[in-house]
Amino acid sequence: MKYLIDWPTFIGALVILFGVTIPLILFPEQGEAFVLSLNRLITENFGVLYLVMGLVVFIFLMYIAFSKYGQIKMGNQDPEFSTASWAAMMFCAGIGSSILYWGTIEWAYYYTSPPFGAKPMSQEAIKWAATYGMFHWGPIAWAIYCLPALPIAYFYYKKKRPILKISEACRPVIGRYADGWAGKVIDILFMFGLLGGAGTTLAMGTPLIASGLNKMTGLEESMTMKTIILFVCTVVFAISSYSGLRKGIKVLSDVNLWLSIGLLAFIFVVGPTIFMAETTVSSLGILFDHFFRMSTWLEPFNNLGPFERTGFPEGWTVFYWAWWLVYAPFIGLFVAKISAGRTVKEIILGTIFYGTIGCVLFFGILGNFGLYLELTGQYSVVQVLQEQGAPAAIIGTISQLPLSELVIPVFLLLAIIFLSTTFDSGSYILASVVQKKVDDEPLRWNRLFWAFALSLLPVTLMYIGGLSALQTASIVAGFPLLFLTWILGVSFVRAARKDLEKLATIPSKKQAS
């Protein structure tokens, strides 16, 4: 079955990844400084492109959903998965354990360093602290995720092309170059972005789990503990990926969904219910009211004269848009694979709605619970964050719940499953990209290889302290994806419009005969 493997893409992705990581291993300080400076150059000078991209993608998808293109059905069969399972797999692949990390703690950063010139720790800062997380993880984020799914799914299900590649989805624009060097470069850049981007999930999820185990058992948060945690997660998602889409990834995602619902429901009932409900609803109102302001806010005047630049848009919104962009082709490939039998309208509205609602619930319950503790003085999340770091602040917040000795293990189990569902989906898609043909599922050995490739390299970098540099490098490498987004959108419209025009001419031909 070796002839099925696209070896130039397979080897090219590994060569580029090693080409970046080996210099970081040999020259960690210089390499990290170079990558961080390159990241600042991109976010500060091209931030406006990211914000325009995010808003235009969202508006474009809304148009597509309610236009004639929205009625196009991906395949002739009924949906392969129930709506609940489909939404669970899509959400778990797109978010991972990062939602437990940032959903609990992100508000604290906005509270102490708020946007729009608000005074830190003021009532105005509270308003934005409770809202901005929902914005960064809301409709635009999921629109960026959804866009690549449309051309990929269209070619896979409507054109019957048994290939799950980003380059294939660009064919209406780049033509025969999809089979040449341009197509290889597109696929390799996507794979590098995903391999490097996986480091962020590991960087946040592993210390969080280690901090929880320290709280439960008193064991030291050592590198040995973190290595064991990573090994356990690797085994879980390797087994899931090896088992396949229906027996592994679907089952794990379903468990993740119901465990998440149970945890959030418990916190909502035993926590400050009224405060969390009112703050969430108020935040949604603020989000709708200021959506376009938040989507376009930069600081063009703050670096002139006496006005000081805060760096908030570049440090948060631009970074998040760049981050979603790095993962977008992967999520698009995965959403395309699980969306057989669904219309374009269902895919767009389902991805944006279910993804946004899921994130709103995590930020609205976990985040507002922490905010309540801070404002009432029951537990200073900000102080622990500044003195001990985010993982300790997160576990400390969960520890304030009733029955915390039971809640913390559930929280940690959820973090492990979230971590695993992201990586099993990632390894499944990486295996698909390096195959010339995917009739049903990628080869098992191929899926298993990428499952371990996703974890072993970030683990190595974690030991030498270069993980943050690799995360940033993946953002830098994802810069070309900014332009790839436009190609994917145009590709879908060109392919779909051409086919719709052909269908429209069929009745007239029959009448003429």
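Computed from a predicted model, the values in this text were never measured in an experiment. (Residues numbered from 1 in each chain as written. Predicted model: local features only at pLDDT ≥ 70, side-chain atom pairs only at ≥ 80, totals over all residues. Heavy atoms only, no water.)

## Let's talk about the overall build of the chain
Scanning the chain for helices and strands turns up 22 helices and zero strands. Counting only residues that meet the buried cut, the chain has 59% of its 513 residues in that class. Relative to all contacts within the chain whose residues are 6 or more apart in sequence, the contacts with residues 24 or more apart total 82%. Carbon and sulfur atoms form 66% of the exposed surface of the chain, whose accessible area is close to 20500 Å². (Helix = DSSP H or I, 4+ residues; strand = E, 2+ residues; numbered from the N terminus. Buried < 20%, exposed > 50% of the residue type's maximum accessible area, 1.4 Å probe, protein only. Contact = heavy atoms within 4.5 Å. Areas by Shrake-Rupley, 256 points an atom, 1.4 Å probe, with all protein chains shown as cover.)

## So, the confidence of the model for the chain
Across the chain, the average pLDDT comes to 83, with 86% of residues at 70 or higher. When the elements of the chain are averaged for pLDDT, helix 21 (residues 467-477) gives the smallest value, 64, and helix 13 (residues 273-289) the largest, 96. Considering only residues more than four positions removed or in separate chains, one finds that residues 508-513, a stretch of pLDDT under 50, has zero contacts. (pLDDT = per-residue confidence, 0-100.)

## Structural notes on the side chain of threonine 131
Inspection of the secondary structure assignment puts threonine 131 in helix 5 (residues 123-136). Apart from the residues within four sequence positions on either side, threonine 131 is in contact with Ser283, Ile286, Leu287 and Met294.

## Here's the deal with the pattern of salt bridges
Inspection of the entire model under this criterion finds three salt bridges. A salt bridge links glutamate 168 to arginine 171; the nearest nitrogen and oxygen atoms lie 2.9 Å apart. Of the two residues, glutamate 168 and arginine 171, neither departs from the other in class, the shared state being buried. Its salt-bridge partner being arginine 171, residue aspartate 179 comes within 2.7 Å of it at the nearest N-O pair. When its relative accessible area of 54% is taken as the criterion, aspartate 179 is described as exposed. Sharing partners across several salt bridges, the network here consists of Glu168, Arg171 and Asp179. (Salt bridge = Lys/Arg side-chain N within 4 Å of Asp/Glu carboxyl O.)

## Considering the packing of aromatic side chains
Considering all chains together, one arrives at 40 aromatic pairs under this definition. Summarising the aromatic geometry, the rings of phenylalanine 46 and phenylalanine 479 are spaced 5.1 Å apart at their centres and angled 55° between planes, so their arrangement reads as tilted. Residue phenylalanine 46 is found in helix 2 (residues 28-65), and its partner phenylalanine 479 is found in the loop between helix 21 and helix 22 (481-512); the two are separated by 433 residues along the sequence. Geometrically, the ring pair formed by phenylalanine 319 and tryptophan 323 is stacked, given 6.3 Å between the ring centres and 5° between the ring planes. Here phenylalanine 319 and its partner tryptophan 323 are both found in helix 15 (residues 312-338), four residues apart, which amounts to about one turn of the helix. Residue classification places phenylalanine 319 among the partly exposed positions, given a relative accessible area of 30%. What makes tryptophan 323 buried here is its relative accessible area of 8%. Positioned above the aromatic ring of tyrosine 177 is the side chain of arginine 176, whose terminal nitrogen or guanidinium carbon lies 4.8 Å from the ring centre. (Phe/Tyr/Trp six-rings, centres within 6.5 Å; stacked < 30°, edge-to-face > 60°. Lys NZ or Arg CZ within 6 Å of the ring centre and 35° of its normal.)

## So, the packing of helix 3 (residues 83-95) against helix 16 (residues 344-376)
Between helix 3 and helix 16, the least distance of the axes is 10 Å, while the angle of their chain directions is 65°. The two elements helix 3 and helix 16 meet at a crossing, and its hand is right-handed. Along the contact surface, helix 3 presents Thr83, Trp86, Ala87, Met90, Phe91 and Ile95, while helix 16 presents Glu346, Ile347, Gly350, Thr351, Tyr354, Gly355, Gly358, Cys359 and Phe362. Across the contact of helix 3 with helix 16, the residue classes break down as nine nonpolar, five polar and one charged. (Axes fitted to C-alpha atoms, helices over the stretch in contact; angles between N-to-C directions. Left-handed = near helix turned anticlockwise from the far one by under 90°. Nonpolar A, V, L, I, M, F, W, Y, C, P; charged D, E, K, R; others polar.)

## Quick word on the packing of helix 5 against helix 15
At their nearest, the axes of helix 5 and helix 15 sit 10 Å apart, and the two run at 30° to each other. By the criterion of interaxial angle, the relationship of helix 5 to helix 15 is roughly parallel. For the pair helix 5 and helix 15, the contacting residues are Tyr132, Phe135 and His136 in the first and Phe312, Trp316, Thr317, Tyr320, Trp321 and Trp324 in the second. Grouping the constituent residues of the contact of helix 5 with helix 15 by class yields seven nonpolar, two polar and no charged. (Parallel < 35°, antiparallel > 145°, perpendicular 65-115°, else oblique.)

## Points about helix 17 (residues 381-388)
For helix 17, the set of buried residues is Val381, Val382, Val384 and Leu385. End-on view of helix 17: buried residues confined to an arc of 165°, all on one side of the axis. Opposite the buried face of helix 17, at more than 90 degrees from it, the exposed residues are Gln386 and Glu387. Packed against the buried residues of helix 17 are helix 4 (98-112), helix 16 and helix 18 (390-399). Just past helix 17, the residue glycine 389 takes up positive phi, approximately 100°. (Arc of directions from axis to C-beta.)

## Digging into the environment of threonine 131
Residue threonine 131 is classed as buried on the basis of its relative accessible area, which comes to 0%. Placed 154 residues apart in sequence, threonine 131 and glycine 285 show a C-alpha to C-alpha distance of 9.1 Å. A polar side-chain atom of threonine 131 sits 2.8 Å from the main-chain carbonyl oxygen of lysine 127. (Polar contact = N/O pair within 3.5 Å; in protein donor to acceptor, adjacent residues only side chain to side chain.)

## Let's talk about the side chain of glutamate 106
Summarising the element assignment, glutamate 106 is placed in helix 4. Of the buried charged residues, glutamate 106 lacks a salt bridge, with lysine 127 as the closest side chain of opposite charge at 17 Å. Ignoring any residue separated from it by four or fewer positions in sequence, one finds glutamate 106 in contact with Gly133, His136, Trp137, Trp316, Tyr320 and Phe363. (Lys, Arg positive; Asp, Glu negative; His and termini not counted.)

## Some details on unusual backbone geometry
With phi around 55°, phenylalanine 116 is a residue other than glycine that occupies positive phi space. In this structure, methionine 121 is a non-glycine residue whose phi angle is positive, near 60°. Its place among the elements puts methionine 121 in the loop between helix 4 and helix 5. For methionine 121, a relative accessible area of 45% corresponds to the partly exposed category.

## A short note on helix 15
An α-helical turn contains 3.6 residues, so a residue and the one three or four places further along point in the same direction. For helix 15, which comprises 27 residues, the first-to-last C-alpha distance of 36 Å matches the rise-based estimate of 39 Å (1.5 Å per residue) to within 8%. A maximum bend of about 45° is found in helix 15 at alanine 328, where proline proline 329 lies one to four positions downstream. (Expected span 1.5 Å × (residues − 1). Bend = angle between axes of the 7 residues up to and from the residue.)

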